[in-house]
Amino acid sequence: MKRYFIHQPLNTEITSIGGHYLFTKEVRVPYNNRDILYVTGCAVFDTTCCGSGGCAFANVPGYVLCWKEKAESNGLFVSAVEHVTNIKNQNEIRELIRKNEGITQVNFFE
């Protein structure tokens, strides 16, 4: 099913109640004759009441159907994607990202 992904600015801190996070890179990588889009980032938890920490992550919007096909009114690009719902494919993509990026937390959009 076609979904839309809004590309966020890279290397721009986004503040949340427990700290901040940012997206560091967008990657399109071939997988089974299609392109997968994933976004890497990091988060720092430094304003929580129960301690501090951080993590690196990769979010996988899915298979690219149409790359940056339009822009929103605020200028952010929008791509059409299809979510990866097959567990076997998710596991293979997770391993690909772990190998390429060294990131163990890989999240798939639903």
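Before reading on, note that the structure itself is shown above.
One structure accompanies this document, and this report is about it. (Residues numbered from 1 in each chain as written. Predicted model: local features only at pLDDT ≥ 70, side-chain atom pairs only at ≥ 80, totals over all residues. Heavy atoms only, no water.)

## A short note on the side chain of N89
- Along the chain, N89 falls in helix α1 (residues 87–101).
- Judged by its relative accessible area of 16%, N89 is buried.
- Within polar-contact distance, the side chain of N89 engages the side chain of Y63 at 3.4 Å. (Helix = DSSP H or I, 4+ residues; strand = E, 2+ residues; numbered from the N terminus. Buried < 20%, exposed > 50% of the residue type's maximum accessible area, 1.4 Å probe, protein only. Polar contact = N/O pair within 3.5 Å; in protein donor to acceptor, adjacent residues only side chain to side chain.)

## Things to note about α1
- Compared with the 21 Å implied by 1.5 Å per residue over 15 residues, the 21 Å span of α1 between its first and last C-alpha is a close match.
- Listed as buried for α1 are N89, Q90, I93, R94 and I97. The buried residues of α1 occupy an angular sector of 135° when the element is viewed end-on, so they sit on one face. For α1, exposure combined with an orientation more than 90 degrees from the buried face picks out K88 and K99.
- Packed against the buried residues of α1 are β3 (19–31), β4 (34–48), β5 (51–71) and β7 (106–108). (Expected span 1.5 Å × (residues − 1). Arc of directions from axis to C-beta. Contact = heavy atoms within 4.5 Å.)

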